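# Understanding the architecture of this molecule
Below, each chain spelled out in residue letters.
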Amino acid sequence: MMPLRTLAKAATKISAVAGLCLALSAQAFALTDAQKKTLNDVNTYFNSVKTMHGDFVQFGPDGSQSEGKFYLARPGKVRFYYSPPAKLDIIADGKSVSVKDRKLATQDIWPLGQTPLRFLLAENINLQSEATIQNVIVESDLVTVVLEDKTTFNSGILTLIFEADTYELKQWTVTDAQGFDTSVAVYNVVSNGPTNPDLFRIDYLANTRQRQGN
């Protein structure tokens, strides 16, 4: 896992980069040949990974911190189990994303294609063709890719951070139109291991029961 100090430093840099990109989002960003190669290398590596599982830690815009386990199966599926005291359960089943709040006894469902998760869960990822690239920053240890994300779920900036030598995904940050950041870092990751399809089942009947109870 990245040390918390490293995460905090990365989050500060992401906020500054994302803020600049929000301000300049109307301007086209021309990629250099080196940046295009880096994106191609990221695409190639990430498309070789069909399943992942491991631990995650999430930092909210209010400074809150939560953690848990995640399971991913491309295309389209992911599960985030939040450890107590958090009461959230997030599932993508290939077409929808469910956010269940066990404390409030609510479940909200959005189309997967209208959430930032679509960039991570596509069957064939091509960041350059599927998004508006705002910046590609290559450092000795990390590669940072900044995307403009315009959906009904989020109109802002999505920042992806990869290891520079392996292109393994380490962290992503969603910056909304107001400039608020939510960051998720993953660690202890196992790639291309076995997975359980039952992890990615959304209880759609819960929404029916929820509407009937209102």
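Preceding this section is the structure that the text describes.
Read on for an overview of the structure. What you are looking at is a predicted structure, and each value in this text was computed from that prediction instead of being measured.

## Considering the overall build of the protein
Summing up its helical and strand segments, the protein has five helices and 11 strands in all. Of all 214 residues assigned to the protein, the portion counted as buried reaches 45%. Across the protein, contacts joining residues at least 24 apart in sequence account for 48% of those joining residues at least 6 apart. Within the structure as shown, the protein displays about 11100 Å² of accessible surface, and the carbon and sulfur contribution to it stands at 54%.

## A short note on the pairing of strand β5 (residues 96-101)
Bridge analysis of strand β4 (residues 88-93) against β5 gives five bridges, and the strand direction is antiparallel. Its bridge partner lying in β5, Asp89 is registered against Lys100. Here β4 folds back onto β5, and the loop between the two strands holds two residues, one of which, Gly94, carries a positive phi near 110°. One ladder, built from six bridges, connects β5 with strand β6 (residues 106-111); its direction is antiparallel. Bridge pairing links Ser98 to Ile109 in β6. Between the antiparallel neighbours β5 and β6 lie four residues, among them Ala105 with a positive phi of about 55°.

## Looking at the pattern of salt bridges
Inspection of the entire model under this criterion finds five salt bridges. With a shortest N-O distance of 2.7 Å, Asp55 and Lys69 are connected by a salt bridge. Note that Asp55 is positioned in strand β1 (residues 51-59) and Lys69 in strand β2 (residues 65-73), a separation of 14 residues in sequence. For Asp55, a relative accessible area of 11% gives the class buried. Overall, the relative accessible area of 42% leaves Lys69 in the partly exposed class.

## Brief notes about the nonpolar core
Phe80, Leu127, Leu147 and Trp172 are the most contacted members of the largest nonpolar core, which has 39 residues in total. Trp172 has contacts with Phe80, Leu120, Leu158, Thr159, Leu160, Thr182, Ser183, Val184 and Val186, leaving out every residue within four places of it along the chain.

## Section: unusual backbone geometry
With an omega dihedral of 10°, the bond running from Arg74 to Pro75 counts as a cis peptide bond. The residue Pro75 is located in the loop between β2 and β3 (77-82) in this model. The omega torsion of the bond from Pro84 to Pro85 falls at 10°, within 30 degrees of zero and hence cis. With respect to the helices and strands, Pro85 occurs in the loop between β3 and β4.

Conventions and cut-offs
Residues numbered from 1 in each chain as written. Predicted model: local features only at pLDDT ≥ 70, side-chain atom pairs only at ≥ 80, totals over all residues. Heavy atoms only, no water. Helix = DSSP H or I, 4+ residues; strand = E, 2+ residues; numbered from the N terminus. Buried < 20%, exposed > 50% of the residue type's maximum accessible area, 1.4 Å probe, protein only. Contact = heavy atoms within 4.5 Å. Areas by Shrake-Rupley, 256 points an atom, 1.4 Å probe, with all protein chains shown as cover. Pairing = 2+ DSSP bridges. Salt bridge = Lys/Arg side-chain N within 4 Å of Asp/Glu carboxyl O. Core = buried A, V, L, I, M, F, W, Y, C linked by side-chain atoms within 4.5 Å.

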